[in-house]
Amino acid sequence: MPTYRSKMDKIKLETQNISKGFAGELTIKDINIRLGEKELVSLLGVSGIGKSTLFNVIAGVLTPDSGRVLLNAQDITGQAGKVSYMQQKDLMQPHLTVLDNVALPLFIRGVKKSQAREEAFSHFKEFGLEGAEKKYPAQLSGGMRQRAALLRTYMFSRDVALFDEPFSALDAITKSSMHRWYLDLMGRIDMSALFITHDIDEAILLSDRVYIMTGPPGRLAHEIIIDTLRPRGEEFRISDAFMGYKRQIIKLLS
Ligand SMILES: Nc1ncnc2c1ncn2[C@@H]1O[C@H](COP(=O)(O)OP(=O)(O)OP(=O)(O)O)[C@@H](O)[C@H]1O
């Protein structure tokens with residue numbers, strides 16, 4: 001498993017003082033996020049604090065009331081389709097094969113079908129999906145389905161991805177194996193990711209940094225740097241360092 005350290009000297013994504021409200025009430029206020037190259041940053045906060053609202057603003061699905069979103073130093077505020085976005089529900093098309101589901105972002109972009117399938121298939125091994133190409137989503141296990149959804153997100157854009165609780169629907173054992181797989185994958189591909197989770201252990205295990213949102217209105221109240229280098233194996237989960245981060249986060253969330 002390769003070891004890497006993210007590079008904060010190269011900022012991929014940045015939000016500058018993002019605020020957004022609904023019906024005259026502010027949901028999120030002055031959010032300043034920075035995501036470095038190959039970084040994985042988690043967002044933790046209670047339900048309803050505005051995490052998905054922030055993601056919708058970054059993805060360009062919602063326009064903020066104020067503030068800007070920058071991708072590679074370019075202003076992309078209010079522009080959809082610039083960063084990839086995997087929502088809680090994987091939104092796999094049931095009538096399409098796994099291969100076509102994964103290739104869908106390329107079809108939409110106008111890439112020739114045969115070429116799109118070839119390009120999508122070339123990543124199947126890397127994403128642990130060998131043999132699944134001709135199956136339909138309903139025939140996949142939960143973990144496989146999430147890997148396919150992750151690959152589709154990657155096909156959309158390899159630069160920056162937003163993941164809204166991608167592993168929350170999985171059982172504990174599958175989730176744990178997905179974590180190992182994901183950490184390994186992130187060591188091999190160039191992608192920066194922002195991650196919403198309610199699972200503190202998951203945030204510590206996967207992230208370079210964790211932002212804690214409190215409110216209302218939702219603000220980034222704290223930032224915790226998870227300093228342990230990757231790969232992070234089982235021993236990290238039971239280490240004093242891990243428990244220290246966990247204690248710190250629980251205190252900040254309460
Ligand atoms: N399109 C909308 N119109 C009106 N209110 C909205 C809209 N989108 C979100 N809200 C409100 O904004 C608040 C924050 O919701 P949001 O889904 O962003 O929180 P969250 O932290 O992602 O919650 P959860 O963890 O439960 O997914 C909620 O009170 C929600 O009702």
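Residues numbered from 1 in each chain as written. Predicted model: local features only at pLDDT ≥ 70, side-chain atom pairs only at ≥ 80, totals over all residues. Heavy atoms only, no water.

Observations concerning the sheet that holds strand 4 (residues 40-44)
Then, number 1: Pairing in this open sheet of six strands is mixed, and the strands run 7-8-9-4-10-11 from one edge to the other. Looking at strand neighbours, the two that pair on one side only are strand 7 (84-86) and strand 11 (219-225), the edges of this open sheet. Put simply, the sheet's adjacent strands are angled 20° from each other on average, direction ignored.
Then, number 2: Here six bridges tie strand 10 (residues 209-214) to strand 11, and the two strands are oriented antiparallel to one another. Following the sheet pairing, M213 is matched in strand 11 by L220.
Then, number 3: Its contacts with the sheet put helix 4 (residues 142-156) on strand 7 and strand 8 (160-164), and the angle it makes with strand 7 is roughly 165°.
Then, number 4: Here helix 5 (residues 172-188) sits on the sheet and contacts strand 4, strand 8 and strand 9 (192-196); the angle it forms with strand 9, its principal contact strand, is near 155°. (Pairing = 2+ DSSP bridges. Helix = DSSP H or I, 4+ residues; strand = E, 2+ residues; numbered from the N terminus. Axes fitted to C-alpha atoms, helices over the stretch in contact; angles between N-to-C directions. Contact = heavy atoms within 4.5 Å.)

What to know about the site of the ligand
Then, number 1: Looking at the ligand, the residues that line it are F22, T27, V46, S47, G48, I49, G50, K51, S52, T53 and H198.
Then, number 2: I49 places a main-chain nitrogen or oxygen 3.1 Å from an oxygen atom of the ligand.
Then, number 3: Within the side chain of K51, one N or O atom sits 2.9 Å away from an oxygen atom of the ligand.
Then, number 4: In the complex, the protein chains occlude 55% of the 630 Å² of accessible area that the ligand would expose alone.
Then, number 5: Sort the elements by how many residues they give to the shell around the ligand and helix 1 (residues 51-58) lands first, with three residues.
Then, number 6: By residue class, the composition of the shell around the ligand is three nonpolar, seven polar and one charged. (Near = heavy atom within 4 Å. Polar contact = N/O pair within 3.5 Å; in protein donor to acceptor, adjacent residues only side chain to side chain. Areas by Shrake-Rupley, 256 points an atom, 1.4 Å probe, with all protein chains shown as cover. Nonpolar A, V, L, I, M, F, W, Y, C, P; charged D, E, K, R; others polar.)

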